[in-house]
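Structure at a glance
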Amino acid sequence: MNYYVLTLFPEMIENGMNTSIIGRAIAGGYLSLETVNIRDYSLSGNGRIDDYPYGGGAGMVMQAEPICRAYEDLVQRIGKKPRVVYLTPQGRVFDQQMAEKLAREEDLIFLCGHYEGVDERVLEEIVTDHVSIGDYVLTGGELPAMVMMDSIARMVPGVLSNQESGQYESFQDGLLEYPQYSRPEEWRGKQVPPVLLSGHHGNVDRWRRDQSLLRTLRNRPELLARAELDKKDRKYLQSLLDEEEAARDADGTGCVPGNGLTEEEKKFLTKLLAI
Ligand code: ADE
């Protein structure tokens with residue numbers, strides 16, 4: 001995978017990417033990274049690349065020509081026209097599926113905007129994908145580009161070691177990951193869940209799957225609604241509701257929180273399990 005980044009802050013990208021696992025992958029030749037400073041393509045040669053917006057309003061707009069020149073120079077040098085990702089809060093929201101698709105490309109160009117925006121005409125001319133990393137606004141496209149490059153790189157063969165690629169499986173089967181524990185067995189009065197010390201692989205796997213289901217229910221119910229659930233998964237989720245009922249009966253008032261499911265979680269589960 002070859003990454004190219006059009007930016008006003010190449011050092012930010014270089015510093016962020018040449019570190020840790022991604023840095024190792026670049027050094028090992030599994031990834032390449034080239035940054036292009038848009039400022040080097042300023043019209044006046046004095047480094048200025050922005051101007052006032054037509055129609056008025058606050059802030060400055062990055063001009064079309066320097067960006068287009070930087071892009072055309074790059075395309076000519078590499079001899080191909082890769083997809084161009086423009087980072088913008090107005091784009092399609094990035095997710096694991098998009099990362100998987102983009103990881104199949106050989107080359108990717110990222111265009112990082114700044115100030116109030118970029119002249120629309122150059123976006124129409126060169127951009128193939130408008131992408132947002134979430135519903136919040138950042139000061140520029142550099143961090144979003146690095147977020148995308150990091151998550152895409154994880155799927156490029158050779159970037160992760162065997163051990164690393166087994167980690168962070170969240171989302172790959174549509175559920176959030178289960179909690180992890182390491183030594184010591186007791187830390188500040190908190191015990192590691194006994195099942196993890198039992199050596200019974202079947203029970204450990206079941207406990208982890210149940211924890212994944214519970215976490216997804218708690219934090220991202222919309223993912224649970226879309227996940228593939230087998231008989232045992234449904235049985236576990238049903239047991240959460242049953243425990244809730246049992247706690248309610250024991251008290252008789254209907255006010256006991258049981259295993260702590262909120263009313264909303266209970267409603268969600270009841271509906272899900274009715275399907
Ligand atoms: N630029 C500024 N905010 C952004 C966001 N949330 N995603 C992508 N690019 C951005």
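Rules behind the numbers
- Residues numbered from 1 in each chain as written.
- Predicted model: local features only at pLDDT ≥ 70, side-chain atom pairs only at ≥ 80, totals over all residues.
- Helix = DSSP H or I, 4+ residues; strand = E, 2+ residues; numbered from the N terminus.
- Rg over C-alpha atoms; globule rule 2.2 N^0.38 Å.
- Buried ≥ 20, exposed ≤ 12 C-beta atoms within 10 Å, placed from the backbone.
- Contact = placed C-beta atoms within 7 Å.
- Near = placed C-beta within 6 Å.
- Pairing = 2+ DSSP bridges.
- Axes fitted to C-alpha atoms, helices over the stretch in contact; angles between N-to-C directions.
- Core = buried A, V, L, I, M, F, W, Y, C linked by C-beta atoms within 7 Å.
- Domains from an automatic or database assignment.
- Expected span 1.5 Å × (residues − 1).
- Parallel < 35°, antiparallel > 145°, perpendicular 65-115°, else oblique.
- Left-handed = near helix turned anticlockwise from the far one by under 90°.
- Nonpolar A, V, L, I, M, F, W, Y, C, P; charged D, E, K, R; others polar.

Regarding the overall build of the protein chain
A tally of helices and strands in the protein chain yields 11 helices and 10 strands. At 25 Å, the protein chain has a C-alpha radius of gyration far larger than the 19 Å of a compact globule built from 275 residues. Each principal axis of the C-alpha distribution contributes one length, and for the protein chain these read about 80 × 45 × 40 Å. Of all 275 residues assigned to the protein chain, the portion counted as buried reaches 24%. Intrachain contacts of the protein chain at a sequence separation of at least 6 include 72% that bridge at least 24 residues.

Observations concerning the site of the ligand
In the neighbourhood of the ligand, the contacting residues comprise Leu 87, Thr 88, Pro 89, Ser 132, Ile 133, Gly 134, Tyr 136, Val 137, Leu 138, Gly 141 and Pro 144. Per-element accounting of the shell around the ligand gives the leading share, three residues, to strand β5 (residues 83-93).

Looking at the pairing of strand β8 (residues 129-132)
Covered by surrounding structure in β8 are Asp 129 and Val 131 only, the residues His 130 and Ser 132 on the alternate face being uncovered. Strand direction decides the pairing type here: β5 and β8, joined by five bridges, are parallel. Within β8, the residue paired with Val 93 across the bridge is Ser 132.

Things to note about the sheet that holds β5
Here we have five strands laid out as an open sheet, ordered β2-β1-β6-β5-β8, and parallel in their pairing. With partners counted over all chains shown, the strands left at the sheet margins are β2 (32-37) and β8, one partner each. Along the sheet, successive strands turn relative to each other by an average axial angle of 30°, direction set aside. When strand β1 (residues 2-7) meets strand β6 (residues 107-111), the two strands line up parallel, connected through five bridges.

Some points on the nonpolar core
Within soluble globular proteins, side chains that are nonpolar tend to cluster in buried spots. Of all hydrophobic cores here, the largest spans 44 residues; its most connected members are Val 5, Leu 6, Ile 67, Val 85, Phe 110, Leu 111 and Ala 145. Looking at this core element by element, the count peaks at six residues for helix α6 (residues 142-153). Leave out the neighbours within four places in its chain, and Phe 110 touches Tyr 3, Val 5, Leu 6, Val 85, Leu 87 and Ala 145. Leu 175, Leu 217, Leu 237 and Leu 261 belong to the second-largest nonpolar core, a separate cluster that totals nine residues.

What about the sheet that holds strand β7 (residues 117-118)?
With respect to topology, three strands assemble into an open sheet ordered β3-β4-β7, the strand pairing being mixed. The sheet is open, and its two edges are formed by β3 (50-51) and β7, each paired on a single side.

What to know about the domain arrangement of the protein chain
Taken domain by domain, the protein chain consists of domain 1 (2-163) and domain 2 (186-274). Computed from C-alpha coordinates alone, the two centres of domain 1 and domain 2 are separated by 42 Å.

Remarks on the environment of Ile 49
One can find Ile 49 in the loop between β2 and β3. Through-space distance from the C-alpha of Ile 49 to that of Ile 38 is 7.7 Å; in sequence the pair is 11 residues apart. Not counting residues within four places of it along the chain, the set of residues in contact with Ile 49 comprises Ile 38, Arg 39, Ser 42, Met 62, Gln 63 and Pro 66.

Focus: α6
The terminal C-alpha atoms of α6 lie 16 Å apart, and with 12 residues this matches the ideal 16 Å at 1.5 Å per residue to within 8%. The buried fraction of α6 amounts to nine of the 12 residues, a majority that puts the element mostly inside the structure. Buried residues of α6: Glu 142, Pro 144, Ala 145, Met 146, Met 148, Met 149, Ser 151, Ile 152 and Ala 153, and no others.

A closer look at the packing of helix α1 (residues 10-17) against α6
In a pair of packed helices, the angle between the axes and the distance between the axes together describe the arrangement. In contact at an axis separation of 10 Å, α1 and α6 are set at 30° when each is read in the N-to-C sense. Relative to α6, α1 is oriented roughly parallel. The hand of the α1/α6 crossing is right-handed. Judged by residue contacts, Met 12, Ile 13, Gly 16 and Met 17 of α1 engage Glu 142, Ala 145, Met 146 and Met 149 from α6. Broken down by class, the residue content of the contact of α1 with α6 amounts to six nonpolar, one polar and one charged.

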